[in-house]
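# A structural walkthrough
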Amino acid sequence: MAPPTPISIPTFAEAQLQLLLQEHEAEVASSSLASTAASVSPSTRRTLQATGYALTGLVLSQCRTGLGGRVVGEFTPDPAVASTGSKSQDGGDARASDGQPRLGSHGMRVGDVVRVNDVSAGSAKKAGKDKDKGKDGGKDGSKGGPEGVVTRVSDKAIWIAFGQRGGGARSKEDDEAIEELWGKKLWAIKLANDVTYRRMRQTMEKMVKMTEGDHSHFMRVAFGHTTPLQPDFEGAGDVQFIDPTLNDSQKDAIRFALAAKDIALIHGPPGTGKTHTLIELIMQMIQRKKRILVCGPSNISVDNIVERLAPNKVPVVRIGHPARLLPSVMEHSLEVLTQTSDAASIVKDVRKEMDEKQASIRKTRTGRERRAIYDDLKLLRKEFRERESKCVDNLVRESSVVLATLHGAGGHQLKNQKFDVVIIDEASQALEAQCWIPLLAAEKVVLAGDHLQLPPTVKSANLKNKEKIGKDTQKKDDSDPAKNETLKGVSLERTLFDRLLALHGSGIKRMLTTQYRMHEKIMRFPSDELYESELIAADSVKDRLLADLPYEVKGTDDTQEPLVFWDTQGGDFPEKTEDDDIGKKEALLGESKSNEMEALVVARHVDNLIAAGVRPESIAVITPYNGQLALLSQMLREKYPGLELGSVDGFQGREKEAVVVSLVRSNAEHEVGFLGEKRRLNVAMTRPRRHLCICGDSETISRGSDFLKHWMSYLEEHADLRYPDAGDLL
């Protein structure tokens, strides 16, 4: 292979800074569109929830002191809303099987920055008052309530840590704003995350300023200034595998990653046990006395590894807030370790005093008493943070495996910490700038992911922005053609995983080939089209059907068929563009598409599966379009509270026994829009274990690209092909 063309590191970082600025502006713009906070109607709040921006129908049920002395509020469904069922004004869901109210389906995730608003602040009278307060609207105006970070989510509650977007000290105003939430009907809105953006920007700024002498060997490899060193298989020694269930491709990937001197990519297609492989790799590295930093783009990706490592009794520390508070995970989080470790006693007494002060605020009678308590709390928090900081530093230094999100790796807890290896899971779902936060000082790096599934979501990735970037850089750099050439190839959608593979070829990669998720018929098309026909379905999964589920399911045309295609060709199932309607709802959905007739086909198929005995919890309905998701939610959410409804993009990394996909597009022009992105369709078709049902118009879809044409041909030949009758559905 020819030597790679070197990329100028400062030029690359400058280009990233421009792109990140545009991305941040796009995120802030969509966030402010979603959060004209105080004055939105109940129907708009429901739309915001359906499109992943909000969570409605909440009340504050309790507060406690969390890590860093922050107040963590627990928010549960408003019982008044939940008791009236899903038709309530704020879209609350039905009660769970144990009779407890449950949250509606929503897009809030651990790490999201949110603002909690009072529903009644949207009344005309209130809005009028806020106008008088000036542009910012004050505490109750369009600026809304207090802001914080989601630290935990369950089906019955969401926990939010308040104070400077979840970090640093809180002010007296924050405390008062939180107090004012008691007894109110509330809703939460997602905001742009400044912390992640700030850390990416700081990292790129560091790269711009670095001299050649500052560049590590790994950096030089990553930008093509030198080639990767040859793997040292002898030096890695004979590998005695701990896990007896590993297959040959997993063992090969582990041997390769242990022998690599600077870079190893582990390519894990859907269901091939990528995390399983990483756990063995981490255990092997611990045996070799290596100190490891493990990162991922999301809290979920990191917690998944913590959960799998926990039974191995490895000394690990999880920086940040775990998404699931299972005992096996929580005992390794800093939050718990600062309470249970030997060093915990130094913070315990201050925490107790703070909790007592917090509880006493509601018993005060005068403003003066309350202010005095706030002043005491301020001093206690300062002392708490100082003690906790020492405790945290000791805990991290003594751990052989530290886990954090990519941007969490830029926190003060890891300052001056040295690691032998940095492992990034889900690396193909992370922005490259995010990856460099833990990588600037790295000596050896293992990236695991699948570049043939969706890259990270980039809101600014539209033609207008790309044209603007091109003009801006040309204006600036006409004098330097080489620099322009570098900038041309830089985009936020291109991940480090992708770039390294293109730069150094498949010699730095090993692919996992046995998949443990899908029926063979579901797996075959993505394997042939995207994975060079290398995927093999494990014996335990290749023939399993819905009829074989471990609970009673009738054998029907649906439950005995792994692949079903409802072909809506013929023009009776036309799509509709949401911006044909008027109103704010459509602005939030953008130019999203929907297809009411196709949604009826989907709903009928779900009815049939459930009538045959398949549990709603075993089924997911996914679609690429938010407009269609809102429509399907109206049809199915109230009827089947346990059914999962979501976007294709949001379902990446997930799986269900049965998945129904609504493709939506059906038009005379045969336009398919972003369905033409094969990585999006790869995600859609690789989520199910036993049953995949596709609903779409083959006439429109097959004209979109060669990939789509091949897919439609495959479905026509290998799926149970069905043609719905529009007359039967109405």
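First, a word on what this report is: a plain description of the structure on this page. Here the residue numbers are simple positions, counted from 1 along each chain's written sequence. Per-residue local features are limited, in this predicted model, to residues with pLDDT of at least 70; the limit for side-chain atom pairs, both in listing and counting, is 80 or more; totals at the level of whole chains, interfaces and linings are taken over all residues. Calculated side-chain values reflect all of the structure's heavy atoms, with hydrogen atoms and water omitted.

Quick look at the nonpolar core now. As used here, the term nonpolar core means buried Ala, Val, Leu, Ile, Met, Phe, Trp, Tyr and Cys residues forming a set that is joined through side-chain atoms within 4.5 Å. Note on exposure labels: buried denotes an accessible area under 20% of the residue type's maximum, exposed denotes more than 50%, and partly exposed covers the range between, all computed with a 1.4 Å probe on protein chains only. Membership of the largest hydrophobic core comes to 58 residues, with the highest contact counts inside it found for Met-207, Ile-263, Ile-424, Trp-436, Leu-439 and Leu-447. By residue number, the principal contributor to this core is helix H1 (residues 9–34), which donates 7 residues. The criterion used for residue contact is that any of the two residues' heavy atoms lie within 4.5 Å. Excluding residues within four positions of it along the chain, Ile-263 makes contact with Phe-218, Val-221, Pro-228, Val-445, Leu-447, Leu-500 and Ile-508. Core analysis: the second largest hydrophobic core is formed by 40 residues, Leu-454, Leu-530, Val-541 and Val-683 among them. The secondary structure listing takes helices from DSSP runs of H or I that are at least 4 residues long and strands from runs of E that are at least 2 residues long, numbered from the N terminus.

Whenever Lys or Arg places a side-chain nitrogen within 4 Å of a carboxyl oxygen from Asp or Glu, that contact is recorded as a salt bridge. Within this structure, the stated rule accounts for 28 salt bridges. Residue Glu-426 is joined to Lys-274 by a salt bridge in which the shortest nitrogen-to-oxygen separation is 3.5 Å. Placement of the pair is Glu-426 in the loop between strand S11 (421–424) and helix H16 (432–439) and Lys-274 in helix H10 (residues 274–287), with a sequence separation of 152 residues. Each of the two residues, Glu-426 as well as Lys-274, counts as buried. A salt bridge links Arg-499 to Glu-432; the nearest nitrogen and oxygen atoms lie 2.8 Å apart. Taken together, the positions of Arg-499 in helix H19 (residues 496–504) and Glu-432 in helix H16 put the pair 67 residues apart, joining distant regions of the chain. Glu-432 matches Arg-499 in its accessibility class, with the two residues each being buried. Residues joined by salt bridges that share partners form a network here, namely Arg-517, Glu-655, Glu-657, Arg-689 and Arg-690.

Now for the sheet that holds strand S7 (residues 263–267). Two strands qualify as a pair provided that DSSP identifies no fewer than 2 bridges between them. Sheet architecture is open: 7 strands sit in the order S9-S10-S8-S11-S12-S7-S13, paired in parallel fashion. The open sheet has two edge strands, strand S9 (316–318) and strand S13 (509–511), and neither has a second partner. Mean inter-strand twist for the sheet, computed between neighbouring axes without regard to direction, equals 15°. Two elements, S11 and strand S12 (residues 445–449), share 3 bridges in a ladder whose sense is parallel. From the neighbouring strand, Ile-424 faces S12, where its bridge partner is Leu-447. Helix axes use the C-alpha atoms of the stretch in contact, all axes being lines fitted to C-alpha atoms, and the angles between their N-to-C directions lie in the range 0 to 180 degrees. Along the sheet, helix H11 (residues 299–309) makes contact with strand S8 (292–296), S9 and strand S10 (401–405), crossing S10 at roughly 155°. Lying over the sheet, H19 contacts S7, S12 and S13, oriented at roughly 110° with respect to S7.

Attention shifts here to the pairing of strand S16 (residues 563–567). Counted residue by residue, S16 has 5 buried out of 5 residues, so it is predominantly covered. Side chains of S16 alternate between two faces, with Leu-563, Phe-565 and Asp-567 and Val-564 and Trp-566 buried alike. Here S16 runs beside strand S22 (residues 688–696); their pairing, made up of 5 bridges, is parallel. Bridged to Phe-565 within S22 is Ile-694. Two strands pair when backbone bridges link them, and S16 and strand S23 (residues 720–722) are joined in this way by 3 bridges, in the parallel orientation. Along S23, the bridge assignment pairs Trp-566 with Arg-722.

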